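# Examination of the molecular architecture
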Amino acid sequence: MKFDTPAGANPIDRMAVVGRAHDRIDGPLKTTGRAPYAYEHHREAPNAAYGQVVGAAVAKGMVRSMDLDAARAAPGVLAIVTAADLGKLGFGQFGKGKFNTVKLLGGPAVDHYHQALAIVVAETFEQARAAANLVRIDYTRSQGRFDLDEALKTAPLTGGSSDEGSAAPGMDRVGDFEAAFAAAPVTLDARYTTPDHSHAMMEPFASIASWTGDALTLWTSNQMIAWGHGDLAKTLGMPKDKISFQSAYVGGGFGGKLFLRTDAVMAALGAKAAGRPVKVALPRPLIANNTTHRPATRQRIRIGATKDGTITAIAHESGSGDQPNGSPETAVNQTKLLYAGANRLTAMRLAVLDLPEGNAMRAPGEAPGMMALEVAMDEMAEKLGMDPVAFRVKNDTQVDPEKPTRRFSQRQLVRCLTEGADRFGWTRRNPKPAAVRDGRWLVGMGVASAFRNHINMASGARVRLDGRGVVTVETDMTDIGTGSYTIIAQTAAEMMGVPVDAVVVRLGNSAYPVSAGSGGQFGAANATAGVYAACVKLRDQVAQRLGYNSADVAFAGGKVTSGNRSADLAQAAAAGELVAQDKIEFGDLEKQWQLSTFGAHFVEVGVDAYTGATRLRRMLAVCAAGRIINPKSARSQVIGAMTMGVGSALMEELAVDPRFGLFVNHDLATYEVPVHADIPHQDVVFLDEADDKANPMKAKGVGELGLCGVGAAVANAIYNATGVRIRDYPITLDKHL
Ligand code: MOS
């Protein structure tokens with residue numbers, strides 16, 4: 001089904017099932033421990049041996065020698081695989097996937113600290129771990145580049161839509177920023193930094209690999225089945241149809257599991273060498289440096305406005321670093337779209353670093369970008385003597401500020417801000433910083449806009465109807481804790497007119513049609529739109545079987561009705577199962593309409609007057625993100641995102657050792673994230689929307705919107721509480737001194 005005109009009325013509009021809070025259909029399986037996660041496929045892969053990954057102990061250099069003798073002789077060891085063994089194992093074509101910047105098995109060259117150099121396979125986990133510790137590797141260490149500020153001094157501009165033929169490649173310009181900024185009566189020129197972040201998901205990277213002849217089955221933990229499937233085939237130099245790639249349950253990913261990682265590759269290699277199934281989980285201390293992270297940024301924002309608060313000039317520049325051939329953290333994205341202003345400039349620089357590979361973490365680009373932009377807006381409001389809500393409202397735009405002929409498909413930023421202000425009691429905020437005290441606490445309120453783009457992705461599904469009236473959906477969509485199982489069941493139930501418990505949902509398997517997958521807050525809307533498309537076909541088949549005119553058939557209450565004729569849905573499949581497959585694809589509506597999601601975050605904090613420690617007191621998010629398919633699971637997404645935003649404001653930071661080129665705090669004891677005790681009451685409000693330009697579900701993403709802006713709202717609340725403006729995240733107590 002091609003979506004190339006705005007959606008008209010359709011069966012989803014009935015909203016008998018869609019749009020209603022529904023408990024997770026996979027909840028009981030998960031809470032009783034019966035949902036098999038990657039490491040738990042004991043039944044399908046009996047007798048699995050254990051693989052332990054050996055990570056490089058230097059960040060940059062060459063392996064000079066590897067002594068495996070002691071490890072080989074250790075109890076229980078079945079096999080050891082290094083890059084030197086690939087040829088004789090039949091992987092002479094071993095390479096790198098499309099989505100990895102760096103090889104997932106290094107050697108002799110070492111690209112980053114904890115890059116995998118070997119896997120040791122043994123009968124038990126303890127034996128594998130003990131033997132891995134006996135692997136002796138000597139390195140020739142070379143000088144790496146680990147200092148972002150230093151590397152950015154000579155880093156080139158990157159990206160930008162005006163690359164070709166432009167005087168300044170990598171820079172996007174509208175009007176004359178410099179002249180407008182120079183002429184503006186009120187200006188701000190400020191720099192902000194965000195550190196490297198780790199996804200720190202609950203379930204570690206884990207895989208079980210099992211070979212039958214030259215065919216491989218992999219149970220893994222991955223957000224994007226088709227990407228992982230393709231990249232595993234590419235990495236191992238095998239045809240895709242020889243690999244079954246499965247990830248039915250995922251214990252969190254946050255972008256870290258968008259891509260194939262070393263656990264999958266090493267499990268496959270280890271299983272081949274050992275001649276039996278092998279399971280590999282990356283130990284927590286390996287994850288921060290072996291896998292990807294959100295890259296640190298250095299951002300500069302300049303805003304010029306007239307005295308009445310109209311922005312006339314806005315510039316956002318961001319620098320980040322990555323491995324050679326890596327990509328920038330696109331922290332300037334939202335600044336292209338969020339506020340009006342005739343003269344604009346955005347630019348990114350990308351430095352080459354020898355730190356581990358940087359890549360997407362929840363709301364890549366916007367999450368760190370909003371942490372800077374929305375503090376800059378707060379600073380600017382103060383300079384103007386304006387209320388920060390009013391300043392944002394004044395600079396709202398209903399058109400793409402870079403291409404004014406394009407309108408937003410829907411944009412209720414102003415309503416999010418004003419309705420949020422009402423609900424939060426914003427008028428009680430004292431605009432004078434450090435003026436409100438509650439015992440030892442300095443109390444302040446902060447606000448930030450929320451913004452995240454909505455992304456269209458093609459997404460396919462297969463739907464079956466059997467003679468009992470059970471509807472089964474198969475798609476390679478994943479559920480990374482987000483509620484995909486449930487919203488897909490709701491969609492199929494709505495379309496086929498059956499209760500949710502008459503729908504079976506099967507996900508996360510390369511044998512099923514390729515879906516959008518889970519990432520970039522594009523999963524829910526696109527994957528359900530793919531199920532919608534398949535159900536449209538199934539409805540036609542049902543009508544045909546029953547001899548009804550498919551133009552006027554209604555599906556409700558387990559019955560199919562056409563005029564004065566009616567039948568049980570199951571009857572249509574009495575003579576044999578019906579199977580329909582389709583996918584949603586997108587035309588160029590996006591050229592005419594900018595698809596984005598909006599919101600507002602309100603935060604109240606207390607800052608301890610004696611220690612500088614910050615405690616959250618209240619949080620509110622108001623979101624405008626199209627139709628909300630399941631308000632309960634969407635709320636869970638948003639409160640989780642708000643929690644992550646608190647982490648980014650106050651705690652999260654991978655500390656770089658500039659001498660040895662590694663993230664020092666590579667475990668959950670030292671990489672701090674909020675726990676329940678850190679998070680107070682959270683309110684989430686969804687505005688009533690349905691975006692007919694987005695897809696037939698009229699839904700957009702929400703899981704990342706909930707994060708974008710939270711960090712800045714916390715920072716702004718801290719400023720309001722203390723009068724101390726901290727522009728370097730995380731805002732730890734030492735920075736108040
Ligand atoms: Mo998200 S960082 O695209 O999983």
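Residues numbered from 1 in each chain as written. Predicted model: local features only at pLDDT ≥ 70, side-chain atom pairs only at ≥ 80, totals over all residues.

## Considerations on the overall build of the protein
Across its full length, the protein holds 16 helices and 34 strands. Taking the principal axes of the C-alpha coordinates as reference, the protein spans close to 80 × 75 × 60 Å. For the protein, the proportion of its 737 residues judged to be buried stands at 57%. (Helix = DSSP H or I, 4+ residues; strand = E, 2+ residues; numbered from the N terminus. Buried ≥ 20, exposed ≤ 12 C-beta atoms within 10 Å, placed from the backbone.)

## Points about the domain arrangement of the protein
One can read the domain layout of the protein as domain 1 (2–35 + 456–591) and domain 2 (38–143 + 202–282). Summarising the inter-unit geometry, the C-alpha centres of domain 1 and domain 2 are found 36 Å apart. Taken residue by residue, the interface counts 15 residues in domain 1 and 19 residues in domain 2. Within the side of domain 1 that touches domain 2, the residues separate by chemical class into 5 nonpolar, 8 polar and 2 charged. (Domains from an automatic or database assignment. Contact = placed C-beta atoms within 7 Å. Nonpolar A, V, L, I, M, F, W, Y, C, P; charged D, E, K, R; others polar.)

## Notes on the sheet that holds strand β3 (residues 61–67)
If you trace the 3 strands from one edge of the open sheet to the other, you get β5-β3-β7, paired in antiparallel fashion. Every interior strand has two partners, whereas the edge strands, β5 (109–110) and β7 (136–141), have only one. Here β3 pairs with β7 via 6 bridges, running antiparallel. Its bridge partner lying in β7, Ser65 is registered against Asp138. (Pairing = 2+ DSSP bridges.)

## A word on unusual backbone geometry
Each neighbour pair has its own omega, and for Gly107 with Pro108 the value is -5°, a cis peptide bond. Among the secondary structure elements, Pro108 is positioned in the loop between β4 (77–82) and β5. For the bond from Tyr729 to Pro730, the omega torsion is -5°, close enough to zero to count as cis. Note that Pro730 resides in the segment after α16 (710–722). The phi angle at Ala363 is positive, at roughly 55°, despite the residue not being glycine. Locating Ala363 in the fold gives a position in the loop between β17 (343–352) and α9 (366–384). With 32 C-beta atoms counted inside 10 Å, the residue Ala363 sits in the buried group.

## Some words on the UniProt feature "domain: Aldehyde oxidase/xanthine dehydrogenase a/b hammerhead" (unreviewed entry) in the protein
UniProt records the feature "domain: Aldehyde oxidase/xanthine dehydrogenase a/b hammerhead" (unreviewed entry) at residues 32–143, using the numbering of this structure. As a span, residues 32–143 carries 11% helix and 31% strand, and end to end its C-alpha atoms are 51 Å apart. (UniProt positions renumbered as here; feature names shortened; annotations may be inferred.)

## Examining the sheet that holds strand β12 (residues 215–220)
In spatial order, the strands read β4-β6-β2-β14-β11-β12-β13; together these 7 strands make up an open sheet with mixed pairing. Looking at the sheet topology across the chains shown, the edges are occupied by β4 and β13 (243–246). Going across the sheet, the axis of each strand differs from the next one's by a mean of 20°, ignoring polarity. Sheet topology places strand β11 (residues 206–212) next to strand β14 (residues 278–281); 4 bridges connect them, and they run antiparallel. What sits directly across from Ala206, in β14, is Ala281. Sheet strands in contact with helix α6 (residues 225–236) are β12 and β13, and its direction is about 145° off that of β13. (Axes fitted to C-alpha atoms, helices over the stretch in contact; angles between N-to-C directions.)

## A word on the pairing of strand β2 (residues 49–55)
The side chains of a regular strand alternate between both faces of the sheet. Along β2, 7 of the 7 residues are buried, which leaves the element largely enclosed by surrounding structure. By the alternation rule, side chains of β2 split into Ala49, Gly51, Val53 and Gly55 and Tyr50, Gln52 and Val54, which are all buried. Bridging between β2 and β14 involves 3 bridges; their strand directions are parallel. When the bridges of β14 are listed, Gly51 appears paired with Val280. Summarising the sheet, β2 and strand β6 (residues 116–122) pair through 6 bridges and their orientation is antiparallel. Counted as the bridge partner of Tyr50 is Ala122 from β6.

## Here we look at the environment of Glu689
Mapped onto the secondary structure, Glu689 falls in the loop between β34 (681–686) and α16. Judged by the 20 C-beta atoms lying within 10 Å of it, Glu689 is buried. Glu689 sits 397 residues away from Thr292 along the chain, and the two C-alpha atoms are 35 Å apart. Residues within four places of Glu689 in sequence aside, it is in contact with Gln410, Gln412, Ala624, Ala625, Gly626 and Arg627.

## Describing the nonpolar core
Among the nonpolar cores identified, the biggest contains 226 residues, and Val120, Val121, Ala492 and Val714 are the most heavily contacted of them. Lining this core are residues from two domains, each supplying at least three of them: domain 1 (2–35 + 456–591) and domain 2 (38–143 + 202–282). Here Val714 is in contact with Gly446, Val603, Val605, Val646, Ala649 and Leu650, once residues within four sequence places are set aside. (Core = buried A, V, L, I, M, F, W, Y, C linked by C-beta atoms within 7 Å.)

## Examining the pairing of strand β28 (residues 578–586)
Here strand β1 (residues 2–3) runs beside β28; their pairing, made up of 2 bridges, is parallel. Note on β28: the bridge partner recorded for Lys2 is Glu585. Note that strand β22 (residues 459–465) and β28 share 7 bridges and pair antiparallel. Its bridge partner lying in β28, Arg464 is registered against Val579.

## Points about the packing of helix α12 (residues 484–496) against helix α13 (residues 523–546)
Contact geometry of α12 with α13 gives a least axis separation of 9 Å together with a crossing angle of 30°. Taken together, the axes of α12 and α13 lie roughly parallel to each other. The interaxial crossing formed by α12 with α13 has right-handed handedness. The segment α12 lies against α13, with Ser484, Ile487, Ile488, Thr491, Ala492, Met495 and Met496 engaging Gly523, Ala524, Ala527, Thr528, Val531, Tyr532, Cys535, Leu538 and Arg539. (Parallel < 35°, antiparallel > 145°, perpendicular 65-115°, else oblique. Left-handed = near helix turned anticlockwise from the far one by under 90°.)

## Topic: α12
Helix length check: α12 (13 residues) gives 18 Å between terminal C-alpha atoms against 18 Å at 1.5 Å per residue, within 8%. Burial of α12 is extensive: 13 of the 13 residues sit out of reach of the surface. Residue Gly497 follows α12 closely and has a positive phi angle near 70°. (Expected span 1.5 Å × (residues − 1).)

## Description of the packing of α6 against helix α7 (residues 262–274)
Relative orientation and spacing of two packed helices are given, respectively, by the angle between their axes and the distance between those axes. Taken N-terminus to C-terminus, the directions of α6 and α7 make an angle of 50°; their axes are 11 Å apart at the nearest point. With respect to α7, the element α6 is oriented oblique. Relative to α7, the crossing made by α6 is right-handed. Along the contact surface, α6 presents Gly228, Leu232, Thr235 and Leu236, while α7 presents Ala264, Val265 and Ala268. Here the contact of α6 with α7 is composed, by residue class, of 5 nonpolar, 2 polar and no charged.

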